[in-house]
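# Breakdown of the fold
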Amino acid sequence: EQVRIPAAGFTLAATISKPESAPKPLKPGKAPAYLLPAVILVAGSGPVDRDETVAGIPVFAQLANGLADAGFIVVRYDKRGVGQSGGRGESATIQDYADDVRAVVEFLRKRKDVDRNRVALVGHSEGGLVALLTAANAKPKRVTAVALLATPGTTGGELVLEQQQYLLDKLKLPADEKQSRVDLQKRIQAAVVSGTGWEGIPEAFRKQADTLWFRSFLSFDPVKATARVEQPVLVVQAERDRQVPSPRHGQLLLDAAKARKKQP
């Protein structure tokens, strides 16, 4: 089912996948005899459409089909400024993307075939950060569970340096050249966060890095966000992930979830 979801002054274009045996109303205009739980798929970083296609594989389309077969209503959507969705992605922050997810939650809660007390978020990569922030700012009855797939367990700043080191380890460069690149990356990140210290940094690097999104990503701490989440949390992490290149990220998130004072 193709739908358009009202957001902050624009609409998100989305696809809803439903089980083949989805309940039907006994009378026109009435709610079905029973309602289905719903899942919202939240995509990772970059201009990602609703299918989140990677290496020719429509990851979210396949995941949506599997979840629908398991009995869920599933929503996947083009991120703001991508595909058929309105809005502008170049100026969006993690908080803005969380606002978009909240709009999808409210849209689902008004549908007559959805159990409004069973709406879960499934976030992939940066989408996991967005899902955490959405859940942390929502009442448990509005968002009832969160699943984190390949989600960073450190600040974005730490993750970027880890990704850089992962790539540098595969290059045959002198040690001093590798250290020089790391030092430059640290200077760039410090300048993005503080707004100062751009002297001596190539303008091309500043154009690429000095954005609202990157600033929000560098300083976002998923462990602190998890501490504010009252809903059940599922953490799924792979050993061969090259974007979140260590299973320790999953362990950090799991430890943060278990350390919450208020366990769901």
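Here's a quick rundown of the structure. Note that this is a predicted model, so its numbers are computed, not measured.

## A look at the overall build of the protein chain
A tally of helices and strands in the protein chain yields 9 helices and 9 strands. Its C-alpha radius of gyration of 20 Å places the protein chain within 12% of the 18 Å reference for a compact globule of 264 residues. C-alpha extents for the protein chain along the principal axes are approximately 75 × 40 × 35 Å. Per-residue burial over the protein chain gives 47% buried out of 264 residues. Within the protein chain, contacts between residues at least 6 apart in sequence are counted, and of these 71% link residues at least 24 apart. Accessible area for the protein chain stands at about 13,800 Å²; split by element, carbon and sulfur atoms hold 54% of it.

## Comments concerning the sheet that holds strand S6 (residues 73-77)
Ordered in space as S1-S2-S6-S3-S7-S8-S9, the 7 strands form an open sheet in which the pairing is mixed. A strand with exactly one partner marks an edge of an open sheet, and here the two such strands are strand S1 (2-6) and strand S9 (233-236). For this sheet, the mean angle separating the axes of adjacent strands, direction not counted, is 25 degrees. Bridge analysis of S1 against strand S2 (residues 11-17) gives 5 bridges, and the strand direction is antiparallel. Considered in S2, the bridge of Pro6 is made with Thr11. In this fold helix H3 (residues 126-136) packs onto strand S3 (36-42), strand S7 (114-124) and strand S8 (145-149), with an angle of close to 140 degrees to the strand it touches most, S7.

## Some remarks on the side chain of Ser125
Position of Ser125 relative to the elements: it lies in the loop between S7 and H3. Given the relative accessible area of 16%, Ser125 is considered buried. Excluding anything up to four places from it in sequence, Ser125 contacts Gly44, Leu149, Ala150, Thr151 and Pro152.

## Observations regarding the pairing of S6
The buried count for S6 comes to 5 of 5 residues, which makes it a mostly enclosed element. Side chains Ile73, Val75 and Tyr77 project from S6 onto one buried face, and the interleaved Val74 and Arg76 project onto a second face that is buried too. As judged from the 4 bridges shared by S2 and S6, these two strands associate in the antiparallel manner. Counted as the bridge partner of Ile16 is Val75 from S6. Where S3 meets S6, 3 bridges bridge the pair, whose relative direction is parallel. Looking at the pairing, Ile40 lines up with Val75 of S6.

Thresholds, definitions, all that
- Residues numbered from 1 in each chain as written.
- Predicted model: local features only at pLDDT ≥ 70, side-chain atom pairs only at ≥ 80, totals over all residues.
- Heavy atoms only, no water.
- Helix = DSSP H or I, 4+ residues; strand = E, 2+ residues; numbered from the N terminus.
- Rg over C-alpha atoms; globule rule 2.2 N^0.38 Å.
- Buried < 20%, exposed > 50% of the residue type's maximum accessible area, 1.4 Å probe, protein only.
- Contact = heavy atoms within 4.5 Å.
- Areas by Shrake-Rupley, 256 points an atom, 1.4 Å probe, with all protein chains shown as cover.
- Pairing = 2+ DSSP bridges.
- Axes fitted to C-alpha atoms, helices over the stretch in contact; angles between N-to-C directions.

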